[in-house]
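# Breakdown of the fold
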Amino acid sequence: MKNKCILSFLAFFIVVLSACEKANIDVDTSDADGSAIGEVSGVWSKGSVQHIKGDIIIPEGKSLTIEEGVTVLMDSVNKPEIVVLGNLYALGTAENPVKFTVEDGYKTKTNEFGKLWGGILAAPSCQELVLDNTIIEYGGAITSDASTSVKMGLYKKVSGEALPALWFSNSDGKLVVQNSTVSHFHEDCTYIEGGKIIFANNRFFSNGVTGGEAMNFKSGCLADVAYNLVYSVNTNALKLSNSGDRTPQAYIIVYNNTMLNTGWRRPTAKGGSIWLEASVRAEIYNNLFANTRFGVKRDPKKPEDNRSVSGNNWYYGYGQLTVDQFQVGKNDIVGGSNDVRGKVAGENNPKFVSYPLETSVDNYVFDSTWDFHLQGNSPALKAGTLAFKPHFTSGLVMSNGLTYNSPQPAAYVGAFGSKF
């Protein structure tokens, strides 16, 4: 009997030890490639490959820093989530971005709208989150009752929801997403419920099979959104809302973005370019809408704050249907001062360096050779305004010593200006 007790105790000890090893508590893989499940913090070192076998959690009060060139391979069978209770800093470079992705063999036509892993879910306890030169792709898995996010009451707190690439929810927190790419997600790319926020110089393409926005902001957000390219997102390029009863009132400044083909793949839904609702305060300048469904559009039952302003936005439609539906006076379209908005198909060609403007408006397949800079003779190069000030031109200072500034406005419209 005594020997049986000893053997039982040893077996229990081995199981507990094994569980602890799987949890990787306080993991710091600064010197090697690694795999992770459970709680993680510390540093994932430059150029390493991290295999994420199950849900990982950055504990409250701790941080995970991901250095340039790190590839974070998400297990497409277990479909893990990344839960951020503490802080996350993904610090790639243009030459060596951080990648949240899956094995190349899963990047197929069948999986073109993701669902192969969850997303990055930052709880209200997350104080700081930075995604700089970061690629996030092929996620958006559907939650279940067994999902960590559902058990923790994160995102929409229920099963059956397609997770976004990024959810952030701290009105007192700081969020920076810049020089990054989100593609091949099932629905929303981002869903932001509060924070001091910079979204700049990002690309969103090939997202949304049944719905979803590129950038979805709710109450509690003070945000600058600039120099982003949004191509053929399923619903809106930007949804700006003050819903949620958080403070401060959502106040979003949107400037110098390029939007193409947005909204056409969900023709019965509201919006398609920039959607305003629920007393959001918005400033919208110098944006280029090419072949998008609608332009800046409001919810007539729950309109935007009356201090909202819009101006110097540029509209182009290759087909007459496209031109007709962005006219002020129709479809609750919001007009702005000094907008360029023709009435004839093909009018106000922005003259991209290389993009076939006759491309079908419901095309979502992105060609990396397209160049959305403006030709030197483009009339859009002098159509912008500088008569406004973004929220964070003096910078958001992070606890790790890094400072991020909102970019200054440009005198051209769109995200790119002239190439030369």
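Below, the structure is looked at part by part. Throughout, residues of each chain are indexed from 1 in the direction in which the sequence is written. Given that the model is predicted, a residue must reach a pLDDT of at least 70 before its local features are reported, and side-chain atom pairs must reach 80 or more before they are shown or counted; all residues, however, enter totals for whole chains, interfaces and linings. Computation of side-chain values: all heavy atoms of the structure, hydrogens and water removed.

## Structural notes on the environment of Lys-99
Only runs of H or I of at least four residues qualify as helices and only runs of E of at least two qualify as strands under DSSP, and these elements are numbered from the N terminus. One can find Lys-99 in strand β8 (residues 98–101). We call a residue buried when its accessible area falls under 20% of the maximum for its residue type, exposed when it is over 50%, and partly exposed in between, using a 1.4 Å probe and counting protein chains only. Residue classification places Lys-99 among the partly exposed residues on the basis of a relative accessible area of 34%. Here Lys-99 is in contact with Val-70, Thr-71, Val-72 and Ile-135, once residues within four sequence places are set aside. By the convention used here, residues are in contact when the closest approach between their heavy atoms is within 4.5 Å.

## A short note on unusual backbone geometry
Note the cis peptide between Thr-247 and Pro-248, where omega equals 0°. By the element assignment, Pro-248 lies in the loop between β21 (238–241) and β22 (251–255). Its identity is not glycine, yet Lys-79 carries a phi of approximately 50°, on the positive side. Looking at where Lys-79 falls in the secondary structure, it is placed in the loop between β5 (71–74) and β6 (82–84). One non-glycine residue, Tyr-155, lies in the positive phi region at around 50°. Here Tyr-155 shows up in the loop between α2 (148–151) and β12 (166–168). A relative accessible area of 7% means that Tyr-155 is categorised as buried.

## Digging into the nonpolar core
Across soluble globular proteins, nonpolar side chains show a tendency to be buried alongside one another. In terms of nonpolar packing, the biggest core is built from 65 residues, with Leu-129, Phe-199 and Phe-217 touching the most fellow members. Among residues more than four places away in sequence, those in contact with Leu-129 are Val-84, Leu-88, Ile-120, Ala-122, Leu-166, Phe-168, Lys-174, Leu-175 and Val-176. Here, the term nonpolar core denotes a set of buried Ala, Val, Leu, Ile, Met, Phe, Trp, Tyr and Cys residues that are joined through side-chain atoms within 4.5 Å. The next biggest cluster of nonpolar side chains, apart from the first, holds 19 residues, and it includes Leu-229, Trp-314, Phe-352 and Ala-380.

## Considering the pattern of salt bridges
Pairs may arise between side chains of opposite charge once their charged atoms sit close together. Salt bridge, as applied in this entry: a Lys or Arg side-chain nitrogen positioned within 4 Å of an Asp or Glu carboxyl oxygen. All chains considered together, the criterion is met by 10 salt bridges. The partner of Lys-109 in a salt bridge is Glu-112, and the shortest N-O contact between them spans 3.3 Å. With relative accessibility at 17%, the residue Glu-112 sits in the buried group. Each of Asp-104, Lys-107 and Glu-137 takes part in a single network of salt bridges with overlapping partners.

## Observations concerning the packing of aromatic side chains
Aromatic pairs are defined between Phe, Tyr and Trp rings, using the six-membered ring for Trp, whenever the two ring centres lie within 6.5 Å; interplanar angles under 30 degrees are classed as stacked, those over 60 as edge-to-face, and all others as tilted. A full pass over the atoms with the stated rule returns 21 aromatic pairs. When the centroid spacing of 6.5 Å and the interplanar angle of 25° are considered together, the rings of Phe-100 and Trp-117 count as stacked. Residue Phe-100 is found in strand β8, and its partner Trp-117 is found in the loop between β8 and β9 (120–122); the two are separated by 17 residues along the sequence. A relative accessible area of 0% places Trp-117 in the buried class. Judged by centre distance (5.1 Å) and plane angle (50°), the ring pair of Phe-113 and Tyr-364 falls under tilted. Taken together, the positions of Phe-113 in the loop between β8 and β9 and Tyr-364 in the loop between β31 (352–354) and β32 (371–374) put the pair 251 residues apart, joining distant regions of the chain. With relative accessibility at 12%, the residue Phe-113 sits in the buried group. An aromatic cluster is present here, built from Phe-205, Tyr-231, Phe-352, Tyr-355, Phe-366, Trp-370 and Phe-372 joined pairwise through their rings. Across the ring face of Tyr-251, the terminal group of Arg-281 is positioned such that the distance to the ring centre comes to 4.1 Å. A ring is scored as having a charge over it whenever the NZ atom of a lysine or the CZ atom of an arginine sits within 6 Å of its centre and within 35 degrees of its normal. Directly above the ring of Phe-294 sits Lys-297, whose terminal nitrogen or CZ lies 4.6 Å from the centroid.

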